[in-house]
Amino acid sequence: MGSNIAMAAKSRFEVCASYNKNRVEMSGVDFLKVDLANSSELKHIEQFKPNLIIHCAALTNIDVCEDDPEQAYRENVLASRNIAELANQAGAYLIHISTDAVFDGKKGNYSEADKPNPISVYGKTKLEAEREILSIHPSSSVVRTNIYGWNKRDKFSLAEWMLSKLENNDELPAFKDIIYSPILVNDLIIQLFALYDKKFSGTIHLAGGQSCSKLDFANILADVFALDESLIKATSIDDLDFKAPRGKNISLDVSHAQELLNTPLPTVRDGLVEMKCLRESGYVEILKYE
Ligand SMILES: NC(=O)c1ccc[n+]([C@@H]2O[C@H](COP(=O)([O-])OP(=O)(O)OC[C@H]3O[C@@H](n4cnc5c(N)ncnc54)[C@H](OP(=O)(O)O)[C@@H]3O)[C@@H](O)[C@H]2O)c1
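Presented here is a report on the structure given in the accompanying data block. Residue numbering note: each chain is counted from 1, following its sequence as written. Note on the predicted model: pLDDT of at least 70 is required for a residue's local features to be given, and 80 or more for side-chain atom pairs to be given and counted; whole-chain, interface and lining totals, by contrast, use all residues.

Despite not being glycine, K49 has its phi angle at roughly 55 degrees, a positive value. Working definition: helices are DSSP H or I runs of at least four residues, strands are E runs of at least two. Numbering for both runs from the N terminus. Mapped onto the elements of the fold, K49 is located in the loop between α2 (43-46) and β3 (52-55). Despite not being glycine, N109 has its phi angle at roughly 50 degrees, a positive value. Among the secondary structure elements, N109 is positioned in the loop between β4 (93-99) and α5 (121-136).

One open sheet accounts for four strands, arranged β3-β4-β5-β10; its pairing is parallel. The strands lining the two open edges of the sheet, one partner per strand, are β3 and β10 (202-205). On average, each strand axis in the sheet is tilted by 20 degrees relative to the strand beside it, whichever way the strands run. At least two DSSP bridges between two strands are needed for those strands to be called paired. Relative to β4, β3 runs parallel, the two being bridged by four bridges. Bridged to L52 within β4 is Y93. Note on contacts: residues are paired as contacts if their backbone-placed C-beta atoms lie within 7 Å. The convention used is that axes are lines fitted to C-alpha atoms, helices contributing only their stretch in contact, and that angles between N-to-C directions extend from 0 to 180 degrees. Running at roughly 160 degrees to β4, α5 makes contact with β4, β5 (141-145) and β10 of the sheet.

Two quantities define a packed helix pair, namely the angle between the axes and the distance from one axis to the other. Running from N to C, helix α8 (residues 214-224) and helix α10 (residues 268-280) cross one another at 45 degrees; their axes reach a closest spacing of 10 Å. The angle between α8 and α10 places the two elements in the oblique class. Both α8 and α10 take part in a crossing whose hand is right-handed. For the pair α8 and α10, contact is made by F217, I220, L221 and V224 and by V268, R269, L272, V273 and K276, respectively. When its residues are assigned to classes, the contact of α8 with α10 shows seven nonpolar, no polar and two charged. Orientation labels follow simple angle bins: below 35 degrees gives roughly parallel, above 145 gives roughly antiparallel, 65 to 115 gives roughly perpendicular, and whatever is left gives oblique. Crossings are assigned a handedness: left-handed for a near helix turned anticlockwise from the far helix by less than a right angle, right-handed for a clockwise turn. Any residue that is not Ala, Val, Leu, Ile, Met, Phe, Trp, Tyr, Cys, Pro, Asp, Glu, Lys or Arg is counted as polar, Gly included; the first ten are nonpolar and the last four charged.

This part is about the site of the ligand. As a structural note, the neighbourhood of the ligand is formed by 24 residues, with M1, N20, K21, L36 and A57 the closest of them. For the shell around the ligand, the elements supplying multiple residues, two or more each, are β1 (16-19), α4 (69-90) and β4. By definition, a residue lies near a molecule or strand provided its backbone-derived C-beta atom is within 6 Å of it.

What follows is the structure in structure tokens.
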């Protein structure tokens, strides 16, 4: 997400981006190496005098978080607390990226009024981060989402992994019983800038305008990219033994965001069509190499 944000932001803002363990470079963007969990290192960001901070750093591997709760706390909670303190002191508007994993997945179609009940260490630390952010810097916005898109680094988002399987004619297992509301990261970023323009404060569900199972998502992706749908095999999350528990229906109700931003959020097909257009327009090459 961070690299896609930097790409989108650099035509409008002076951008300073940070990395920690994996060095990143991009033309037109200043990069700083900062461990956000180490408060003394944030002074480098402070010197930049930011007006807007989009905090999308996290330990996002759910199973690693489950295995190492201390590291999850450090990267997800401590780093967020430090960023909130910095944003508060600098008077910067802060957008904190959170997740649908703050919900247990028993009900689905969660609105901002629904009570979170995370079932994994990842979800618990992300929820704690949300609370720290809003208590330290109440004018921040906390955005709960679920993303896919093109990576700058050599790793796959879910959609890229599905694409690589289908493009290599490999069988693609896809969960029929995980329901979520995915949004193309580039579509999300447009709305993050709209939140900044409105200076929205509080928690908002900003995800895809349509929920689907991971199996539906794989089928639409195969159709949009003209790949062989017969390679997709329906599977159940119950058949796999992941370290961290996953909620089954973590779909988000985005009606508040659609009303506030006065726009429909994209359907699954619209997002995937846009993802394909980005590749055809050379976006992926620029993201990865410029
Ligand atoms: N991907 C999804 O499906 C999804 C779904 C819901 C919510 N989200 C949320 O969306 C946000 C972005 O996700 P993503 O998929 O872009 O994550 P990602 O690819 O795993 O990137 C997370 C980044 O956080 C950085 N980071 C971690 N700890 C850090 C620290 N102590 N100091 C500085 N940087 C640190 C890492 O930098 P280094 O590699 O340089 O260490 C890494 O590049 C996260 O807040 C995540 O919780 C993601």
